[in-house]
Amino acid sequence: MITERTCGKTGLRLAAATAEIGFRVAKDRYGALSVLSNAIVGPLPITSTAAKATPDRRGRYDTLGSTIYLADSRRCAYAEVLVGFRKDRAAVAKVAESIGWAVDAYIAQVLEDARTNGVDAPWSVSVDWQMDRSIYEIRMPHSGWWARMDHPDTLNALEKLAPTVPGMTEVLQVLTAGSISSEDRAVTTILAEIIRQQVLDDGSEPLGISFPSKTLFGRCWAYWDRRFDAGLPSGSNDLHQLSSQNVGPDPEFTYVTDYYDLPLLGRHP
């Protein structure tokens, strides 16, 4: 069985779907496979100074429609979802530097002040956050192809497939590993949409993108839920939930919060 190849039509590097098990952390009230539909790829429209400062909350490989992100292990899924808490901690460190404090000393002071005032540290993982979320075990597609983002063939193919976008022509025509895995959603969402629009040499459409986790804990997938976007019921080759568990009691969750020194409130025994 061929597990990886280069598409003869598009030039994209492809990894075969083999019914892998993926993991995803999501709020219980939405469920494992519910995501917001994205309506914009490329640069966000700028309507005012205030809008320009609004954070871009799109996922790295969001396309027009529904994109579901999964990881190859529980540990990787937790590392991905906790990045926001690490950013909160980094913001405190930036404040420390701006006022001339040593970062460790300032963080220690923030923790002490929080305890004194009976509040949580800004980067604490609250009990509510834990109780609201579960980790879901999901069966991936058993056939089809993922576009492997971390391969020179994919870089080369995207340079040839990328359209001319005002203000971004040079960026899209000279791609590097850094540009396709960057935090610049104006670039990465365009590239993802280009891949989603392709028809492969066997007549199929890409399932989504396979890429290394930015945390280096494993690999991730960005799955494009085409049937849902078309108003169709789930098919036999779509994602299927196998199990779920609240994140709080999971030892892998505790491992990752400890690894990143994130205070875990209401720690389970």
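In case you missed it, the structure is sitting above this.
Below is a summary of the structure that appears in this document. Within every chain, residues take consecutive numbers counted from 1 along the sequence as written. It should be noted that, the model being predicted, local features are given only for residues of pLDDT at least 70 and side-chain atom pairs only at 80 or more, the latter also being counted only at that level, while totals for whole chains, interfaces and linings use all residues. Side-chain calculation: all heavy atoms of the structure are included, whereas hydrogens and water are not.

Things to note about a nonpolar patch on the surface
Right, so step 1: For patch building, the residue pool is restricted to those with more than 30% relative accessible area and no salt bridge; the joining distance is 9 Å between like charges and 5 Å between nonpolar side chains (Val, Leu, Ile, Met, Phe, Trp, Tyr). Computed by Shrake-Rupley with a 1.4 Å probe, the accessible areas treat only the displayed protein chains as cover when residues are assessed. By convention in these notes, a salt bridge is any Lys or Arg side-chain nitrogen within 4 Å of a carboxyl oxygen on Asp or Glu. Taken together, the side chains of Val95, Ile99 and Trp101 present a nonpolar region at the surface, about 270 Å² in accessible area.
Right, so step 2: Secondary-structure assignment places Ile99 in the loop between helix H3 (83–98) and helix H4 (103–117). The helix and strand labels rest on DSSP assignments: H or I over at least four residues marks a helix, E over at least two residues marks a strand, and numbering proceeds from the N terminus.

Description of the packing of helix H2 (residues 74–81) against helix H11 (residues 251–259)
Right, so step 1: Structural elements are reduced to axes, namely lines fitted to C-alpha atoms, with helices fitted over the stretch in contact, and the angle between N-to-C directions of any two is expressed from 0 to 180 degrees. Their axes nearest at 9 Å, the elements H2 and H11 cross at an angle of 45 degrees. Here H11 runs oblique to H2, going by the angle between their axes. In terms of crossing hand, the pair formed by H2 and H11 is right-handed. The residues of H11 that touch H2, namely those facing Arg74, Arg75, Tyr78 and Ala79, are Glu252, Phe253, Tyr255 and Val256.
Right, so step 2: Residues belonging to the contact of H2 with H11 are distributed by class as follows: 5 nonpolar, no polar and 3 charged. Reported orientations rely on four angle classes, namely roughly parallel under 35 degrees, roughly antiparallel over 145, roughly perpendicular from 65 to 115, and oblique for the rest. The handedness criterion is simple: a crossing whose near helix is rotated anticlockwise from the far helix by less than a right angle is left-handed, and one whose near helix is rotated clockwise is right-handed. It only takes one pair of heavy atoms within 4.5 Å for two residues to be counted as in contact. Under the scheme applied here, ten amino acids are nonpolar (Ala, Val, Leu, Ile, Met, Phe, Trp, Tyr, Cys and Pro), four are charged (Asp, Glu, Lys and Arg), and all others, including Gly, are polar.

So, the pairing of strand S2 (residues 13–16)
Right, so step 1: Side-chain alternation along S2 places Arg13 and Ala15 on one buried face and Leu14 and Ala16 on a second face that is also buried.
Right, so step 2: By definition, two strands form a pair when at least two bridges between them are found by DSSP. Here strand S1 (residues 4–6) pairs with S2 via 3 bridges, running antiparallel. Along S2, the bridge assignment pairs Glu4 with Ala15.
Right, so step 3: Between S1 and the antiparallel strand that follows it, S2, lie 6 residues; Gly11 among them carries a positive phi value of about 85 degrees. Burial classification: accessible surface area is computed with a 1.4 Å probe over protein chains only, and a residue below 20% of its type maximum counts as buried, one above 50% as exposed, and the rest as partly exposed.

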